[in-house]
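For reference, the chains in residue letters:
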Amino acid sequence: MDVRETEWLRLDDDLRLARWRTDRLLALGYELRDAARLAVSSIDIHELERLIGMGCPPETAVRIAA
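Since this is a predicted model, take the numbers as computed values, not measurements.

> Just checking my understanding: could you explain the overall build of the chain for this structure?
Scanning the chain from N- to C-terminus turns up four helices and zero strands. Reading the secondary structure of the chain in the N-to-C direction produces α-α-α-α. A globule of 66 residues ought to have a C-alpha radius of gyration of about 11 Å, yet the chain, at 14 Å, is considerably larger. A burial count over the chain gives 24% of its 66 residues as buried. Counted over contacts in the chain with a minimum sequence separation of 6, partners at least 24 positions apart contribute 20%. Surface exposure of the chain reaches about 5000 Å², of which carbon and sulfur atoms provide 57%. When the 10 positive and 13 negative side-chain charges of the chain are each reduced to one mean point, those points stand 4 Å apart.

Right, here's the structure in full:
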């Protein structure tokens, strides 16, 4: 496998992860624009799920988890 193929595979993995994170954020109630922005950030999706599951509003959960 050459360098180009390796980079394409890494990009594919990155895109798959971004899509999974976006889907999770949409399921948590975030609007598409916010979900897409948060998906590529370093915010802990599982922490957002936990906070929102405890009744925390999505916007507040982001401030706490950030």
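> How do you make sense of helix H3 (residues 45-53) when you look at a structure like this?
Quick reminder: α-helices carry 3.6 residues per turn. Residues three or four places apart thus point the same way. What H3 keeps buried is the set Ile45, Leu48, Leu51 and Ile52. One face of H3 carries all of its buried residues, which in axial projection span an arc of 125 degrees. Along H3, exposed side chains directed more than 90 degrees from the buried face belong to His46 and Gly53. Packing partners of the buried residues in H3 comprise helix H1 (3-27) and helix H4 (58-65). One side-chain oxygen at the N-terminal end of H3 lies 2.9 Å from the backbone nitrogen of His46; it belongs to Asp44. Backbone geometry just downstream of H3 places Gly55 in the positive-phi region, at approximately 100 degrees.

> Please clarify how H1 should be interpreted in this entry.
In this model, H1 (25 residues) spans 36 Å end to end at C-alpha, consistent with the 36 Å of a helix rising 1.5 Å per residue. Buried within H1 we find Arg21, Thr22 and Leu25. The inward-facing, buried residues of H1 contact helix H2 (32-39) and H3. Where H1 begins, the capping side chain belongs to Asp2, and its oxygen is found 3.2 Å from the backbone nitrogen of Arg4. At the C-terminal side of H1, Gly29 shows a positive phi close to 105 degrees.

Rules behind the numbers
- In this numbering scheme, every chain counts its residues from 1 along its sequence in written order.
- In keeping with the model being predicted, local features are shown solely for residues with a pLDDT of at least 70 and side-chain atom pairs are shown and tallied solely at 80 or more, while totals for entire chains, interfaces and linings include all residues.
- Just so you know, side-chain values use all the structure's heavy atoms and leave hydrogens and water out.
- The helix count covers DSSP runs of H or I at least four residues long, the strand count covers runs of E at least two residues long, and both are numbered beginning at the N terminus.
- Based on C-alpha atoms, the radius of gyration is set beside the globule rule, defined as 2.2 Å times the residue count to the power 0.38.
- Burial classes follow relative accessibility: with a 1.4 Å probe on protein chains only, a residue under 20% of its type's maximum area counts as buried, one over 50% as exposed, and anything between as partly exposed.
- Residue contacts are counted whenever heavy atoms from the two residues lie within 4.5 Å of one another.
- For every accessible area listed, the method is Shrake-Rupley and the probe measures 1.4 Å; residues are considered covered only by the protein chains on display.
- The sign given to each residue is positive for Lys and Arg and negative for Asp and Glu; His and the chain ends receive no count.
- In plain terms, the charge of a residue is placed at NZ if it is Lys, CZ if Arg, CG if Asp and CD if Glu.
- In this description, the arc belongs to the directions extending from the helix axis to the C-beta atoms.
- Polar contacts, as used here, are pairs of N or O atoms within 3.5 Å; protein pairs need one atom able to donate a hydrogen and one able to accept it. Residues neighboring in sequence count only if both atoms are side-chain atoms.
- Residue count minus one, scaled by 1.5 Å, sets the expected span of a helix.

Don't take any of this as a statement about function, it's just geometry.
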